[in-house]
Amino acid sequence: MALITSDRARFPNDPWQLVETVHLPGNAGTLETLFSLGNGHLGIRGAHWAAADADLPGSFINGFHETWDIKHAENAFGFARTGQRILYIPDVNNFTVIIDGETLSLSESTVLDYRRSVDFATGIYECRITWECRSGATVTTTERRAVGYQSRGTMGVTLEVAPDRDVYADVTSSVINRQDQPVEDHSTHDPRRAGRHAGRVLLPVRLDGGDGSLRLSWEAAESRQRVGLAVDHWTSAEVQPFETLVDQDDSSVRYVLAVSEDRPFRLEKSASYAVARAFREGAVDGGSAQDPSEAAESALQPVSAIFAESEAYYRDYWATADIVVGGQPEQQQAIRWNLFQLAQATARADVAGIPAKGVSGSGYDGHYFWDQEVYLMPYLTYTNPDNARQVLEFRHEMLPDAKVRAKELSVDGALFPWRTINGLEASAYYAAGTAQFHIAAAVAFATNRYMWASGDADFNHGMGSELLIETARMWVSLGFFGKDGLFHIHGVTGPDEYTAVVNDNLYTNVMARFNLRAAAALDHPGIDDAERELWEQAANRMQLPYDEDLEVYSQDNDFMTLEPWDWSTPRSKYPLLLNYHPLVIYRHQVLKQADTVLAMFLQWQDFTAEEKRRAFDFYDPITTGDSTLSACVQGIMAAEVGYGKAALDHFTHALFIDLDDTHGNTIDGVHIASTGGVWSSLVSGFAGLRDQGEVPYFDPRLPVEWEGLSFHLKVQGRLLFVELEQGSIGLSIREGEPLDVNVRGDVLTVGSDVARVPLAPVGAPEPTVFPSGLPTSSIPIVRAHTYAGQS
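About the cut-offs
For every chain, the first residue of its written sequence is number 1, and the numbers climb from 1 along that sequence. pLDDT decides what is reported in this predicted model: residues at 70 or higher carry local features, side-chain atom pairs at 80 or more are listed and counted, and totals for whole chains, interfaces and linings draw on all residues regardless. Side-chain calculation: all heavy atoms of the structure are included, whereas hydrogens and water are not. Only protein chains enter the calculation, and the probe is 1.4 Å; a residue is then buried if its accessible area is under 20% of its type maximum, exposed if over 50%, and partly exposed in between. A run of H or I in DSSP becomes a helix once it reaches four residues, and a run of E becomes a strand once it reaches two; helices and strands are each numbered from the N terminus. Criterion used throughout: strands pair if DSSP finds at least two bridges between them. The term polar contact refers here to a pair of N or O atoms within 3.5 Å; inside protein, the definition further demands a hydrogen-donor-capable atom paired with an acceptor-capable atom, and it admits residues adjacent in sequence only when both atoms are side-chain atoms. Contact between two residues is taken to exist if any of their heavy atoms lie within 4.5 Å; hydrogens are not considered. Buried Ala, Val, Leu, Ile, Met, Phe, Trp, Tyr and Cys residues that are joined via side-chain atoms within 4.5 Å together make up what is termed a nonpolar core. The salt bridge definition used is simple: a Lys or Arg side-chain nitrogen within 4 Å of an Asp or Glu carboxyl oxygen.

Bringing the pairing of strand 16 (residues 213-220) into the picture now. Among the eight residues of strand 16, seven are classified as buried, and the element is accordingly described as predominantly covered. Where strand 15 (residues 202-210) meets strand 16, eight bridges bridge the pair, whose relative direction is antiparallel. Paired with leucine 202 across the two strands is alanine 220, which belongs to strand 16. Hairpin connection between strand 15 and strand 16: a loop of two residues separates the two successive antiparallel strands, and aspartate 211 in this loop has a positive phi of roughly 55°. Where strand 16 and strand 17 (residues 226-235) come together, six bridges link them in antiparallel fashion. Note that in strand 17 the partner of leucine 216 across the bridge is leucine 229.

Next up, the structure:
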């Protein structure tokens, strides 16, 4: 059931905010995700400040994790050995407010008025509640939060208590180590959810505090990473704390005082985190070998400065990152929420990966996947090239481990882990993990896109070339030339995890071909003529499975021979991975997500319009969308082949995946790759951008329901402004030199003046009708026997 769109009285449509006007029980954990704050390094979930009103509260630091030895029921050579999981860091967003002896909570107290919001324009969270106390007083509490940007490890929280008469207030501000709190391990029921550690994880190193200040640090038991925390408090009443208590799991600062109507009580809490990622080597985030709590203390900022940093960052961000859709206010709010989440997941990650949930939750254990290269890097490359480079620098830092992993899998070059935090493979189920060799091509593809779009010569000649070369070496050793003279890649899993360990997965082969050609085109002293020739031959002879009868590219060599899925399966049995053994799914023609269709989008120049249309017609109906990565890609390709309604339907589904919790696991964090897919849906789907050709190429498909679409792109040193209207596209350079752009085959030079190009309408083609039988379960046994025995 929809969440945000189903109750617009509770969640009014505001173009620059997500607002909740009524508190209702249920969905608390999902709303904690939707109202979360983050900067790519530090994140805080949008939980209420009272413990009784929180469902899955917590804070995270990107990359701060614990490790453990993976225990396989039946071990084998090369299996992943080291598990990694993001940790809950000690959380500062906790208050207890007692008014005249009554502890305020949404679950127990009388609420007269309620409003909370997260402001996309400023990055500030605010929750204002008016309470009717049992003593007769009416009290309004207002909490505001923000995370720092220049000071990326900082967080500021304010709490104001404003009564309508004199009251006695007892306010406690707490720091809680949630990682070591007893909670249910949900991962046994849903592999998408984060697991929990059996023993204690955070071991105290420093526990100091007094007069409202706390200086604390912990060490993870196995990874030996350390996290330090410094917290200072300030009050408008200028009163000293009643007490300051320090403990490894619950430290607190308490204020007891009289509060009057004309003098509300305001409490400010400034927090700063620092991480020692390899403490035994003395490497502290911040550059010194001191205890991380000391580094945290040196980075403390006044709360007002943290709020100002957030406001300044988003003022600059929206000036070039905003995407405006004309005449669609509900979609506009959702688009900005998605763009806001992209900023929160990436802005200050620096040289690090982007977890699948950003820093908004613990889902997928905080791992980095191929998501960041295929779904996030387009957004980063064209809105924040510096951040895009840092993600690639992070991948480059993994090369030594990737080369070791390649040797374990008996291939040359570099093999990046399917899921990881520290550079080691953490996927215990190899069929849907290690077998997804296509992650190597994802890294190469993101590298090549950045090289094409940025003009970053230093990166191109150094790290960029090395990433392309080492991944190409992996492909040419993984595959082989068969007796048919073609190059084959066997025993792999493509993006569609409902079809595993197959031969010649089309997506994998198409992307490997791209990777080999991109590496072969390099002018690099590390490539000799023989190696270049080998890469070119492998690329040119790459096997691309094709079904001659259906005239459709096959997802792999055997996909067209599989039994069709029974589409009378009730919706309660989806997602299939939670209801069927993998072997049941693997035997059938059913997709978790777009696979062949994705290959045709990314390698757009390699397929004809007819090939793309027939592939979409065949695969779209058998794609369950059980993956949140699918809808955006299906929508992009629906737009390209001319299916306007399908394109808008898929886009709308992608747009509200988290806002409406359509996959039922938003509680564990924002689906960051899907938010990146929303960006691509707008820019590559409806505006029709295709890149890595001779010049940027546009073939727009503006939905007939929309009045317009506009956005900026940072491309090849310019700031390009794109403005679509019904029947035309306008292009202009806001910063930089003129740029050649191709619009539907016509190349024009775009300068500071708007170049407006008329666009003829694109008619919807007649969909291909493929032969298909009835659902398997509905075929009578006698009919099945007769069908098998007669021609």
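This brings us to the side chain of arginine 215. Note that arginine 215 resides in strand 16. Assessed through its relative accessible area of 11%, arginine 215 is described here as buried. Here the side chain of arginine 215 touches valine 231 through a polar contact of 3.1 Å, landing on its backbone oxygen. With near-sequence residues (within four places) excluded, arginine 215 lies in contact with Arg206, Leu207, Asp208, Leu229, Ala230, Val231, Asp232, Ser293, Glu297 and Leu300.

What follows concerns the nonpolar core. Formed by 213 residues in total, the largest nonpolar core has its most connected members in Trp370, Trp475, Tyr619, Leu682, Phe698, Leu709 and Leu720. The residues contacting tryptophan 370, other than those within four sequence positions of it, are Tyr375, Arg395, Trp418, His438, Ile439, Ala442, Pro495, Tyr507, Gln593, Leu598 and Leu629. Counting six residues, the second-largest nonpolar core is a separate cluster that includes Trp565, Leu576, Ile585 and Val590.

Here we take up the pattern of salt bridges. Summed over all chains, the structure comprises 44 salt bridges. In this structure, arginine 215 engages aspartate 232 in a salt bridge whose closest nitrogen and oxygen atoms are separated by 3.1 Å. Of this pair, arginine 215 sits in strand 16 while aspartate 232 is found in strand 17, placing the two residues 17 residues apart along the sequence. Look at aspartate 232 and you get partly exposed, because its relative accessible area is 27%. Here arginine 744 ties to aspartate 699 by a salt bridge, and the two come within 2.8 Å at their closest N and O atoms. Linking arginine 744 in the loop between strand 34 (739-743) and strand 35 (746-750) with aspartate 699 in the loop between strand 30 (697-698) and strand 31 (708-715), this pair joins segments that are 45 residues apart in sequence. Of the residues examined, arginine 744 reaches a relative accessible area of 27% and is grouped as partly exposed.

Let's shift gears to the side chain of lysine 592. Within the element layout of this structure, lysine 592 appears in the loop between strand 28 (588-589) and helix 13 (596-602). On the accessibility criterion, lysine 592 (12% relative accessible area) is buried.

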